[in-house]
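# Structure at a glance
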Amino acid sequence: MAGFIFKRLLQSVLTIAGVITAAFFLTRLAGDPSVLLLPPEASPEDAARLRSALGLDQPLFIQYLLFMGNAMTGDFGMSLRQAVPAMDLVLERVPATMELAVASFAVGIGLAFVLGILMRLTRQGWVRDVITWAALGRQAIPVFSFGLVMILIFSVWLRWLPSYGRGTFAHLILPALTLGTYELALYLRLFNASLSAEQRNDYVRTAYAKGQGRIQVLLKHMLPNALLPLITVAGINLGMLLGGTVVTETVFSWPGVGRLIVQSVSQRDFPVIVAGVFLISLVFVVINLIVDILYGFLDPRVRLN
Amino acid sequence: MARISFSQATAGALLLVMAILVILIPLLPGYDPYTQDLGATLLPMGGTSFDGKTFLLGTDTLGRDLLSRLALAGEVSTLIGLGAVAVSLVMGVTLGLIAGYFRGPVEAVIMGLADLQLSIPRVLLLIAVTAIVGPSVFNLAILLGLTSWVAYGRVARGMTLSLREREFILSARVQGASATWNIRQHLLPNVLPQMLIVGSYEFGMIIVLEASLSYLGLGVQPPLPSWGMMVSEGQNYLSLAPHLAMLPSIALFILVAGFQFLSQAFTKENDLEMVS
């Protein structure tokens, strides 16, 4: 187990180093930051002083090491628009994005769980068809389009829910529904497949033989085993979810990291963009690491492979 | 005569609607995606302007014909999608075949690169890069292509791993065939059909990505229309003129669902496992 954790940890560290390297090239592609920071009337001496203060007069490799060192401590330089470190601006927005991501994750898993069980238990073929088709259709609608349909129905026509901003629980409903249902078709398919796989096991036959009913066998015996793959894939798919927060936050004016990144793009505030992208990737890598290690604990076959 | 499956029929119907919009509409008289008419803004579907012109799907905030703009936007998206799929297919197949054929450190580096790319959400990576290099139709096609090779690469590598142990490759190797020859003559034709299936699935994904970027203002730039951008423009008029945002959304749905069914039909027909 220790070897497995170590290997996985090393892999994650390498990935993060790769992300920082990509961030370095991106910032250098953006051009000389000293030009963006200085007022147009600055003298060449001022420019030279700033460049040496920022380490821009060093060879590229040294600059890379400096960048790497700074990034490790979360230092991506000052925002070009506000006199605040870029990372501070990003961290300020983290709770809002966390709230949205967790709520969407819960909506996705919760709906897959409820609908999946409904599809198992119902004897009506059309119920299964409607659920399958609705989930497949949802997958073909981009997040922003679906969000606007939700706003149109629940905010404009019915006037039940607010269409933008963050604050009360009511504000969270539409964004979480929009983002959380995107992967529903995938989750449903997986959940169904793993339930079907469990169905063939001896313990299920034994439970039936003992005289237990369908519902009891499903909920008490099969469910704990069938949920594991669902949660793992949902964890791995968190990257999709985190990427989706960018669009969802823009649709609903949700004050999270994604919206900050998009706003910073129009203001050409590169340190904030890079800090935001880095933080989200970091969270994603760490979550994947945790999911993998947990899975290794729960299922010994994973760590032996 | 083979029976047409449900997926095939649905894919055909949806893509036919798309083909009519993207290919036929621009050929019709009255096709004009650019002319503004500030006296005829926000006309509803079937609305008529003061000078007696009828707009089948109405007009946008600047009085431009929505039907024409939908058609042109579809053309732009399709072009970007095809370009991106071509770039990512060539890149992914090449890297995947090389990784699978040579194994060892080459494989480790290529697959490590794939893992790295998957660890940054694609939308975010694209936002960061387009923010810096600047959005244009050409840049979008290239960038979307460069960030979408992993699916092809993984599948191509997986297939190569088993193909390279087969007799026809071994015998070619024993007879002194070079790696390039083997990859080009023996491996490529064998993985290509599967790659086209991945491509038809990825095309829909790329259309959605492009639309999302355009929605955020980082994709196609005005005056060229794009469905994503049209939705974003329509968002401010959601209660006044909902068709502004809904029509491009429906167009997106038709195209994306069409390609989803198409890749499903392919997958079933060839009895292949869907890869995603």
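Residues numbered from 1 in each chain as written. Chains lettered and ligands numbered in written order. Predicted model: local features only at pLDDT ≥ 70, side-chain atom pairs only at ≥ 80, totals over all residues.

## What to know about the overall build of chain A
- Along the backbone of chain A there are 15 helices and zero strands.
- By the compact-globule yardstick of 19 Å for 305 residues, chain A is too spread out, its C-alpha radius of gyration being 24 Å.
- When the backbone C-alpha atoms are referred to their principal axes, chain A occupies close to 85 × 55 × 30 Å.
- For chain A, the proportion of its 305 residues judged to be buried stands at 33%.
- Residue pairs at least 24 apart in sequence account for 71% of intrachain contacts in chain A once pairs closer than 6 positions are excluded. (Helix = DSSP H or I, 4+ residues; strand = E, 2+ residues; numbered from the N terminus. Rg over C-alpha atoms; globule rule 2.2 N^0.38 Å. Buried ≥ 20, exposed ≤ 12 C-beta atoms within 10 Å, placed from the backbone. Contact = placed C-beta atoms within 7 Å.)

## A few points about the overall build of chain B
- Per the secondary structure count, chain B includes ten helices and two strands.
- The helix and strand sequence of chain B, counted from the amino end, reads α-β-β-α-α-α-α-α-α-α-α-α.
- Its C-alpha atoms put chain B at 80 × 55 × 30 Å along the principal axes.
- In chain B, which comprises 276 residues, the share counted as buried stands at 47%.
- A separation threshold of at least 6 residues defines the contact pool for chain B, and within that pool the share at least 24 residues apart is 71%.

## Focus on unusual backbone geometry
- Backbone torsion omega between Pro222 of chain B and Pro223 of chain B reads 10 degrees, so that peptide bond is classified as cis.
- Topologically, Pro223 of chain B is positioned in the loop between α8 (179-215) and α9 (227-235).
- One non-glycine residue, Arg159 of chain A, lies in the positive phi region at around 55 degrees.
- Along the chain, Arg159 of chain A falls in the loop between α7 (143-157) and α8 (169-180).
- Assessed through the 9 C-beta atoms surrounding it within 10 Å, Arg159 of chain A is described here as exposed.
- Even without a glycine there, the phi angle at Ser253 of chain A is positive, about 45 degrees.
- Tracing the backbone shows Ser253 of chain A in the loop between α12 (238-251) and α13 (257-266).

## Considering the packing of helix α5 (residues 86-121) of chain A against helix α9 (residues 184-199) of chain A
All names here are of chain A.
- For the pair α5 and α9, the least separation of the axes is 9 Å and the interaxial angle reads 50 degrees. As the angle between them shows, α5 and α9 are arranged oblique. Helix-helix and strand crossings are classified by hand; for α5 and α9 the assignment is right-handed. Taking contact as the criterion, the partners of Gly108, Ile109, Leu111, Ala112, Leu115, Gly116, Met119 and Arg120 in α5 are, on α9, Leu184, Tyr187, Leu188, Phe191, Asn192 and Leu195. (Axes fitted to C-alpha atoms, helices over the stretch in contact; angles between N-to-C directions. Parallel < 35°, antiparallel > 145°, perpendicular 65-115°, else oblique. Left-handed = near helix turned anticlockwise from the far one by under 90°.)

## A word on the packing of α5 of chain A against helix α11 (residues 214-236) of chain A
Residue and element names in this part refer to chain A.
- For the pair α5 and α11, the least separation of the axes is 11 Å and the interaxial angle reads 140 degrees. The way α5 lies across α11 gives a crossing that is right-handed. From α5, Phe105, Gly108, Ile109, Ala112, Ile117, Arg120 and Leu121 reach across to α11, where they touch Ile215, Leu218, Leu230 and Ala234.
- By residue class, the composition of the contact of α5 with α11 is nine nonpolar, one polar and one charged. (Nonpolar A, V, L, I, M, F, W, Y, C, P; charged D, E, K, R; others polar.)

## Notes on the interface of chain A and chain B
- On the side of chain B, 34 residues touch chain A, which itself brings 32 residues to the contact.
- Here the side of chain A that touches chain B takes seven residues from helix α14 (residues 270-298) of chain A, the largest share from any one element.
- Residue composition of the side of chain A that touches chain B, by class: 24 nonpolar, eight polar and no charged.

## With respect to the nonpolar core
- In terms of nonpolar packing, the biggest core is built from 147 residues, with Val274 of chain A together with Ile127 and Ala128 of chain B touching the most fellow members.
- Every residue in contact with Val274 of chain A, bar those within four places of it in the chain, is listed here: Ala23, Leu26, Thr27 and Phe76 of chain A together with Ala128 of chain B. (Core = buried A, V, L, I, M, F, W, Y, C linked by C-beta atoms within 7 Å.)

## Quick notes on the confidence of the model for chain A
- Per-residue confidence for chain A gives a mean pLDDT of 82; residues scoring 70 or more make up 96%.
- Of all secondary-structure elements in chain A, the lowest mean pLDDT belongs to helix α15 (residues 300-304) of chain A, at 64, while α7 of chain A reaches the highest, 89. (pLDDT = per-residue confidence, 0-100.)

## Looking at helix α5 (residues 137-146) of chain B
- Three or more residues of α5 of chain B are buried, namely Leu140, Ala141, Leu143, Leu144 and Gly145 of chain B.
- For α5 of chain B, the secondary structure elements touched by its buried residues are α2 (66-102), α4 (122-133) and α8 of chain B.

## Quick notes on the confidence of the model for chain B
- Looking at chain B as a whole, the pLDDT averages 84, with 96% of positions reaching at least 70.
- For this predicted complex, the interface score ipTM comes out at 0.82, alongside a pTM of 0.85.

## Some points on the environment of Leu50 of chain A
- Relative to the helices and strands, Leu50 of chain A is located in helix α3 (residues 44-53).
- In this structure the C-alpha to C-alpha distance between Leu50 of chain A and Val107 of chain A, which are 57 residues apart in sequence, comes to 49 Å.

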